[in-house]
Amino acid sequence: MRCPICDAAMPGNWIEYPEYPFCSRRCKTIDLGRWLGEDYRVAAKEAEHENRSTPGESGGDQDDVR
Ligand SMILES: [Zn+2]
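First, a word on scope: everything that follows refers to the structure included in this document. Keep in mind the model is a prediction, meaning the values are calculated, not measured. (Residues numbered from 1 in each chain as written. Predicted model: local features only at pLDDT ≥ 70, side-chain atom pairs only at ≥ 80, totals over all residues. Heavy atoms only, no water.)

Digging into the nonpolar core
Cys3, Ile5, Met10, Tyr17, Phe22 and Cys27 form the largest nonpolar core, which has six residues in total. Apart from residues no more than four positions distant in its own chain, Ile5 is found in contact with Phe22, Cys27, Ile30, Asp31 and Arg34. (Core = buried A, V, L, I, M, F, W, Y, C linked by side-chain atoms within 4.5 Å. Buried < 20%, exposed > 50% of the residue type's maximum accessible area, 1.4 Å probe, protein only. Contact = heavy atoms within 4.5 Å.)

Regarding the coordination of the zinc ion
On the protein side, the zinc ion has Cys3 (SG), Cys6 (SG), Cys23 (SG) and Cys27 (SG) as donor atoms, found 2.3 Å from it. Along the chain, the residues donating to the zinc ion are arranged with the sequence spacing C-x2-C-x16-C-x3-C. Of this pair, Cys3 sits in the segment before α1 (25-52) while Cys27 sits in helix α1, and the two are 24 residues apart along the sequence. For Cys27, a relative accessible area of 1% corresponds to the buried category. (Donors = N, O, S within 2.8 Å, 3.2 Å for Na, K, Ca; no water. Helix = DSSP H or I, 4+ residues; strand = E, 2+ residues; numbered from the N terminus.)

Details of the pattern of salt bridges
Per the stated rule, a full pass over the model turns up one salt bridge. Close ionic contact of Lys28 with Glu19 constitutes a salt bridge, the shortest N to O distance being 3.4 Å. (Salt bridge = Lys/Arg side-chain N within 4 Å of Asp/Glu carboxyl O.)

Remarks on unusual backbone geometry
Cis geometry marks the peptide bond from Tyr20 to Pro21; its omega dihedral reads 5°. Tracing the backbone shows Pro21 in the segment before α1. Its identity is not glycine, yet Asp7 carries a phi of approximately 65°, on the positive side. A relative accessible area of 49% places Asp7 in the partly exposed class.

Pasting the structure below:
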């Protein structure tokens, strides 16, 4: 069994680790920060995608040309 954050060996039973599956509270906090950062990035990406595929803008441009 190894900590997914710092890759430290975690001997013994998982029940001995109050912050399982992390070796310590510090690694649990790091993991939480990673999740929050990832969430933020994904949300920004989706907003960008929405802007790009908005049909209203290109349609308005075509109307101006004609
Ligand atoms: Zn760790």
